[in-house]
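Fold and contact review
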Amino acid sequence: MGQTTSTQAGVQLTPQSSGKSRKKLRLRRDNFPSIVTVLDTPTDEWPVEQNGPPPQPIPAVDRSGMFLLPVRSNDSQFSASSITENFTLKDPSVDAATSESFSPLLLLPIEILYQIIEIVYYDDATNSISANLEKFLKTIPVLLKTFNQLAIRFLYKYAIFNRPHSFDKFLRNIVNQPDIGQYVEFMDFQTFTSIGLGRTGRMNQEIQMVTARTIQMALSLCPNLIEFQASENIQDDMDVEVLLTLFNHLPKVQALDFCGASLKLFAQAFMELTFNGPDLDEMDMETSLVLKASPLEHLFKISFHDCSNLPVLVFEKCLPHFINLRRLDVTHTTMTSTALHTYLPASCRLTHLSLARCSKLTTKDLIQFLTKHPAIVNGSLQWLNLQIDSNVVSPLNVQYLLFTMNHLNAPDLRYLNLGGMPVNKQILDVIKSKFTKLESLAVPHSNLTMTDLLHLLQDNQSIKFLDLTDCKGLDRRNLAAFLKKSYDSGLEAIEFEYKTLYDLTGGNHISIQPVQTDFSVLSTGSLPLVWKFYDNEGRRAWIYKIDSSDPSYDAIVAGRPTSNSHLSNAVYYDLETGAKVETKVVKPEFLKYASRKINCSVGYYNLNLPKKKRYINGEIAELVWPVENSQRGIYNYYSLNVK
């Protein structure tokens, strides 16, 4: 209850310790660089030694907040890595036979207690991962000292960083208590930003909480990392040392995402990257089979989405080492079809592939890759994006595109984007007959007519989403007729030009009556369809169908005004308790079909999936579409905002 003091072994791990009574501690110059913060910590740098001693404790800071250290008394032998004995929890400082405060919960088997804590950990009533973790922090960790130890495993499993201070606190804690780094499995920078708070760019450089050296330090202390979700907001802080750690020293890593990183320094780091695995001389280039085991054998998903400055030499160097790849996103990069066909290992089984806006694709090698490469022809493909910019000549003309669709072996294809491609009725007929499980089809900037599209939807309940942006056969006048004539289809959402949809719905909704075929007195008409308007600040726009069970359906059909309270920024509080009333914001379900970025995350609510042996062996299929909270921040921007 009193003040805590530091010892030679490290800083006392007490979240409640007061910052005012804490003395400043000097760092020893041993292994890792210091973390320069606004908290007046020393700015001296430590020289990096290859075989030096482990990192020394960093001075304690205020540990209230998301990243909390274990609570330990001075005489407790309880550590973060030894919380179980014979499958039950045991704290050496507690005598279960004599202690009146001993909880019988501690006698439960660890598996049952884990499940209890997991129920509290996954709260689907919150609006964000950070809010969920903050809520969890106020429950389990404060019950008992032993529960606090166990809760650490959950708090550090998914490390999400919104601001530099959260990463700084996280790094301090795993340096002071290296055992905690073993629990970190996910690092998420999707929503990270250092902009704001009145800071200039120079100030952000001086407050070096997140740098290439601190990121590399954190990675080196988290050997069990499974996912690393980077973004353009930390592209300045990913040098060759960070890449060497990611690709060579994290054997359990399954997903890497570098979305939007396009600086020349980032590209230069990839040029300097070397792999510990086999070189190109040790490969059979005809079959692209790696002859030696690769340190990246568990890397299943990688995204270079919009990494536009990476030269093709980088892909030629990297691809041979991705021997078990399942998802590959090279949207808007310099990737060539020759590099894909030559360097992608035959052992891959691609389920997701995005070659969107890759301007260096060539006709012959692209067709060869899509129709003959072992990573594709095995029939595993579920998600394919071949979109090109509307002002770019398509690598596939009508004949070549028809040939490719006819010979593409993808019986389980669910998403197909042919934006900018010369899609005609004949190609549409092939798509309908061959890809019977297709749910999302994007054919913007095509010359398809309304008759062609209606024929596609006839007797077709699988297609849920159509992107018809700038489709020459549709306009403001016949779009309503198209909705009426496709009444019986399974269509749930349509993407079109913002102004057209806004005018059609008045920025709210439109009610569509079915085509009347029975004019008898006793006929019972079908319920009208209600299509609601949805947009992303004018960049992309959609209308989507709401079910008759929706609370607003009856009011819309009856012509009564509907509430737009879900668009309000008002904050409500409970009058009795003063607690903030949180209402979860639920986005329309159809947005998963509209996503143009490959999702490389299992999602916050599926954190146990990557550790299952059947998943690693490919026996458990991952969901095709982005799951809740898997695409946020900058990822959401590239997925749903960029046209």
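Residues numbered from 1 in each chain as written. Predicted model: local features only at pLDDT ≥ 70, side-chain atom pairs only at ≥ 80, totals over all residues. Heavy atoms only, no water.

A closer look at helix 17 (residues 476-485)
This is how it is decided: Burial classification: accessible surface area is computed with a 1.4 Å probe over protein chains only, and a residue below 20% of its type maximum counts as buried, one above 50% as exposed, and the rest as partly exposed. Under the scheme used here, helices are H or I runs from DSSP no shorter than 4 residues and strands are E runs no shorter than 2 residues, and both carry numbers assigned from the N terminus. Arc definition: it is the arc formed by the directions from the helix axis to the C-beta atoms. Residues adjacent in sequence count toward polar contacts only when both atoms are side-chain atoms; beyond that, a polar contact is any pair of N or O atoms within 3.5 Å, and within protein one must be able to donate a hydrogen and the other to accept it.
Listed in full, the buried residues belonging to helix 17 are Leu-479, Phe-482 and Leu-483. Along the axis of helix 17, the buried residues cluster in a sector spanning 95°; they form a single face. Residues Arg-477 and Lys-485 are exposed on helix 17 and point more than 90 degrees away from its buried face. Of the residues flanking the start of helix 17, the one acting as N-cap is Asp-475, its side-chain oxygen 3.0 Å from the backbone nitrogen of Arg-477.

A closer look at the packing of helix 16 (residues 450-457) against helix 17
Operational definition: Orientation is described by axes fitted as lines to C-alpha atoms, over the contacting stretch for helices, and by angles from 0 to 180 degrees between their N-to-C directions. The cut-offs work like this: below 35 degrees is roughly parallel, past 145 is roughly antiparallel, 65 to 115 is roughly perpendicular, and the gaps in between are oblique. Each crossing gets its handedness from the near helix: less than a right angle anticlockwise from the far helix is left-handed, clockwise is right-handed. The criterion used for residue contact is that any of the two residues' heavy atoms lie within 4.5 Å. Three classes are used, and their members are as follows: Ala, Val, Leu, Ile, Met, Phe, Trp, Tyr, Cys and Pro are nonpolar, Asp, Glu, Lys and Arg are charged, and the others, Gly among them, are polar.
Remark: helix 16 packs on helix 17, axes separated minimally by 11 Å, with the N-to-C direction vectors making an angle of 20°. For the element pair helix 16 / helix 17, the angle class is roughly parallel. Of the two elements, helix 16 crosses helix 17, and the hand of that crossing is right-handed. In this structure, helix 16 uses Met-450, Leu-453, Leu-454 and Leu-457 to contact helix 17, whose residues at the interface are Asn-478, Ala-481, Phe-482 and Lys-485. Class assignment for the residues of the contact of helix 16 with helix 17 results in six nonpolar, one polar and one charged.

Some points on the environment of Glu-134
Within the fold, Glu-134 resides in helix 2 (residues 129-137). You can call Glu-134 partly exposed: its relative accessible area is 29%. Here the alpha-carbon distance between Glu-134 and Phe-67, two residues 67 residues apart in the chain, equals 9.3 Å.

Comments concerning the pairing of strand 18 (residues 529-535)
Rules: Pairing between two strands requires that DSSP report at least two bridges joining them.
Burial analysis of strand 18 places five of its seven residues in the buried class, the great majority of the element. The pairing of strand 17 (residues 509-512) with strand 18 spans four bridges and is classified as antiparallel. Residue pairing across strands places Ser-511 opposite Val-530, the latter belonging to strand 18. Pairing geometry for strand 18 and strand 19 (residues 541-546), over six bridges, is antiparallel.

Re the packing of aromatic side chains
This is how it is decided: Stacked, tilted and edge-to-face are the three classes applied to pairs of Phe, Tyr and Trp rings, where Trp contributes its six-membered ring and a pair requires centres within 6.5 Å; stacked means planes under 30 degrees apart, edge-to-face means over 60, and tilted covers the rest. Counted as over-ring charges are cases with an Arg CZ or a Lys NZ within 6 Å of the ring centre that also lie within 35 degrees of the ring normal.
Scanning the entire structure with this criterion turns up 42 aromatic pairs. Aromatic side chains Tyr-122 and Tyr-604 sit 5.7 Å apart centroid to centroid with 70° between the ring planes, which places their arrangement in the edge-to-face category. With Tyr-122 in the loop between helix 1 (110-121) and helix 2 and Tyr-604 in the loop between helix 20 (591-594) and helix 21 (613-616), this pair connects stretches of sequence that are 482 residues apart. Seen from their ring centres, Tyr-637 and Tyr-638 are 5.4 Å apart, and the 80° between their planes marks the pair as edge-to-face. Here Tyr-637 falls in the partly exposed class, since its relative accessible area comes to 34%. The buried category is assigned to Tyr-638, whose relative accessible area is 10%. Over the aromatic face of Phe-300 sits the side chain of Arg-326, whose NZ or CZ is 3.7 Å from the ring centroid. Note that Arg-326 overlies the ring of Tyr-615, its terminal NZ or CZ placed 5.2 Å from the centroid.

So, the pairing of strand 19
In terms of residue burial, strand 19 counts as a mostly covered element, since five of its six residues are buried. Across four bridges, strand 16 (residues 493-496) lies against strand 19 in antiparallel orientation. By the bridge assignment for strand 19, Ala-493 is matched with Tyr-544.

As for the confidence of the model for the chain
Note the following rule: Across the chain, each position has a pLDDT score giving the predictor's confidence in that residue, from 0 to 100.
For the chain, per-residue confidence averages 81 on the pLDDT scale, and 77% of positions sit at 70 or higher. Predicted confidence for residues 60-65 stays below pLDDT 50, and this span has 20 contacts to residues more than four positions away or in other chains. The low-confidence segment residues 72-91 (pLDDT under 50) makes 51 contacts with residues lying over four places distant or belonging to another chain.

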